[in-house]
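The primary structure of each chain is shown beneath.
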Amino acid sequence: MEFGKLLTAMVTPFDEQLRVDWNCTGALIDYLIEQQASDGLVIAGTTGESPTLTDEEKLELFSFAVKRANGRAKIIAGTGSNDTEHSIHLTKEAEKLGVDGIMLVAPYYSRTSQAGLVAHFNAIAAATKLPVMIYNIPSRTGINVEAGTMLKLAETPNIVAVKESSGDLDQMSAIIAKAPEGFRLYSGDDSLTLPVLSIGGHGIVSVASHIVGKRMKAMIDAYASGRPAEAAKLHLELLPVFKGLFFCPHRVPNPVPVKYALKAAGMDVGGVRLPLVNVTPEEAAFLDNLVAGLGE
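Residues numbered from 1 in each chain as written. Predicted model: local features only at pLDDT ≥ 70, side-chain atom pairs only at ≥ 80, totals over all residues. Heavy atoms only, no water.

Colleague: How do you make sense of the side chain of serine 187 when you look at a structure like this?
Modeller: Position of serine 187 among the secondary structure elements: in strand S7 (residues 184–187). Not counting the four nearest positions on each side in its chain, serine 187 is found in contact with Lys163, Glu164, Leu192, Thr193, Val196, Gly203, Ile204 and Val205. (Helix = DSSP H or I, 4+ residues; strand = E, 2+ residues; numbered from the N terminus. Contact = heavy atoms within 4.5 Å.)

Colleague: What am I meant to see in the packing of helix H10 (residues 228–244) against helix H12 (residues 281–292) here?
Modeller: Packed helices, taken two at a time, are described by the angle between their axes plus the distance between the axes. Two elements in contact, H10 and H12, have axes separated by 11 Å at closest approach and are oriented at 155°. Classified by the interaxial angle, the pair formed by H10 and H12 is roughly antiparallel. In this structure, H10 crosses over H12, and the sense of that crossing is left-handed. Facing Pro240, Val241 and Gly244 of H10, the residues of H12 in contact are Phe286, Leu287 and Leu290. Each residue belonging to the contact of H10 with H12 can be placed in one class, and the counts come to 5 nonpolar, 1 polar and no charged. (Axes fitted to C-alpha atoms, helices over the stretch in contact; angles between N-to-C directions. Parallel < 35°, antiparallel > 145°, perpendicular 65-115°, else oblique. Left-handed = near helix turned anticlockwise from the far one by under 90°. Nonpolar A, V, L, I, M, F, W, Y, C, P; charged D, E, K, R; others polar.)

Colleague: I tried to follow the packing of aromatic side chains on my own but got confused; where do I start?
Modeller: On inspection of all chains with the given rule, the structure shows 1 aromatic pair. Centre to centre, the rings of tryptophan 22 and phenylalanine 64 are 5.2 Å apart; their planes meet at 50°, and the pair counts as tilted. Of the two residues, tryptophan 22 sits in helix H1 (residues 22–34) while phenylalanine 64 sits in helix H2 (residues 55–69), which places them 42 residues apart along the sequence. Overall, the relative accessible area of 22% leaves phenylalanine 64 in the partly exposed class. Looking at lysine 163, its charged tip hangs above the ring of tyrosine 135, at a distance of 3.9 Å from the centre. (Phe/Tyr/Trp six-rings, centres within 6.5 Å; stacked < 30°, edge-to-face > 60°. Buried < 20%, exposed > 50% of the residue type's maximum accessible area, 1.4 Å probe, protein only. Lys NZ or Arg CZ within 6 Å of the ring centre and 35° of its normal.)

Colleague: Would you take a moment to explain the pairing of strand S3 (residues 74–78) for this structure?
Modeller: Every other side chain in a regular strand lies on the same face of the sheet, so the side chains alternate between the two faces. Most of S3 is tucked away, with 4 of its 5 residues classed as buried. Strand direction decides the pairing type here: strand S2 (residues 40–43) and S3, joined by 4 bridges, are parallel. Looking across to S3, one finds that isoleucine 43 is bridged to alanine 77. What joins S2 to S3 is H2, and the crossover it makes is right-handed. As paired strands, S3 and strand S4 (residues 101–105) are joined by 3 bridges and run parallel to one another. For alanine 77, the partnering residue across the bridge sits in S4 and is isoleucine 102. This β-α-β element, S3 to helix H3 (residues 84–96) to S4, shows right-handed connectivity. (Pairing = 2+ DSSP bridges. Right-handed = clockwise from strand over helix to strand, strands pointing away.)

Colleague: Sorry, what's going on with the pairing of strand S5 (residues 132–136) here?
Modeller: With 5 of its 5 residues buried, S5 lies for the most part within the structure. Judged by which residues are buried, S5 turns out to be covered on both faces: Val132, Ile134 and Asn136 on one side and Met133 and Tyr135 on the other are all buried. Summarising the sheet, S4 and S5 pair through 4 bridges and their orientation is parallel. Across the sheet, residue valine 105 finds its bridge partner in S5, namely tyrosine 135. Each parallel crossover has a hand, and for S4 linked through helix H4 (residues 114–126) to S5 it is right-handed.

Colleague: Honestly, unusual backbone geometry in this entry has me stumped. Any pointers?
Modeller: Trans peptide bonds make up most of the peptide bonds, and negative phi angles are found at most residues other than glycine. In this chain, cysteine 248 is followed by proline 249 through a cis amide linkage whose omega measures -5°. The residue after asparagine 254, namely proline 255, is reached through a cis peptide bond having omega 10°. Along the chain, the position of proline 255 falls in the loop between H10 and helix H11 (256–264). In the Ramachandran plot, alanine 44 falls in the positive-phi region, its phi being about 60° despite a non-glycine side chain. You can see alanine 44 is positioned in the loop between S2 and H2.

Colleague: In this structure, what is going on with the packing of H3 against H4? I would like to understand it.
Modeller: Running from N to C, H3 and H4 cross one another at 25°; their axes reach a closest spacing of 9 Å. By the angle class used here, H3 and H4 are roughly parallel. As for the relative orientation of H3 and H4, their crossing is right-handed in sense. Of the residues in H4, those touching H3 at Thr84, Ser87, Ile88 and Thr91 are His120, Ala123 and Ile124. Per-class residue counts for the contact of H3 with H4 are 3 nonpolar, 4 polar and no charged.

Below, the structure written as structure tokens:
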């Protein structure tokens, strides 16, 4: 399974009552595919506020996205949690709905052992024929999927990729160096897209691609086509956006800034559900200036 090189971890649009806004969800899917060059969309991942979505909402989002994308982009369902059996249930239901793959975040809070991680992910992978992408984000989950652990998991036939948000290029290099042929490592940090490509990574699962996807795709294509100087120039141009969506002007939890940035760019996807809160006036002013300077 080839998911593509530029995957967007899609936000979930909400209306004024913070219910899923289906008209806006359809418009956002079209926008990300047609105007921001996304090869695939991660639906109901953590950027999609998965902790506050019900199972019913998640399954309806998966079904809706498959139908709306209609083959124009891969649909990857966020079905992971810290409850193995619940993740298996959601994964089986997502498979019935026709998604192209699943993403499994490392089990947060439980802080299981590395052996526990292998058992958790393999149990879910065994319950589906879909290709699986592991999501490693220690800053959010409290546990790191170590390189050796990821390499063990990569031996499972349908575990085909990892989204690496550890920020550790040494760890990523160790995975890339010894992973089976065809196993893909994606950066989970926008600002590390080009560095990860330079060590043999495959692509990016992105937040910034909501607003600068075309330029990110151009950067990826430039590097893949043997034009590293052009790719580096684009990286440096985009770096303020990559950083600004997480520090605006101080650290703000994802997806709060990108939801506001989309609104500033003309795509109002609504607010966020508690315990997240919307941007402050200071943060809004920063993001207004950031979007105004995009020149797209």
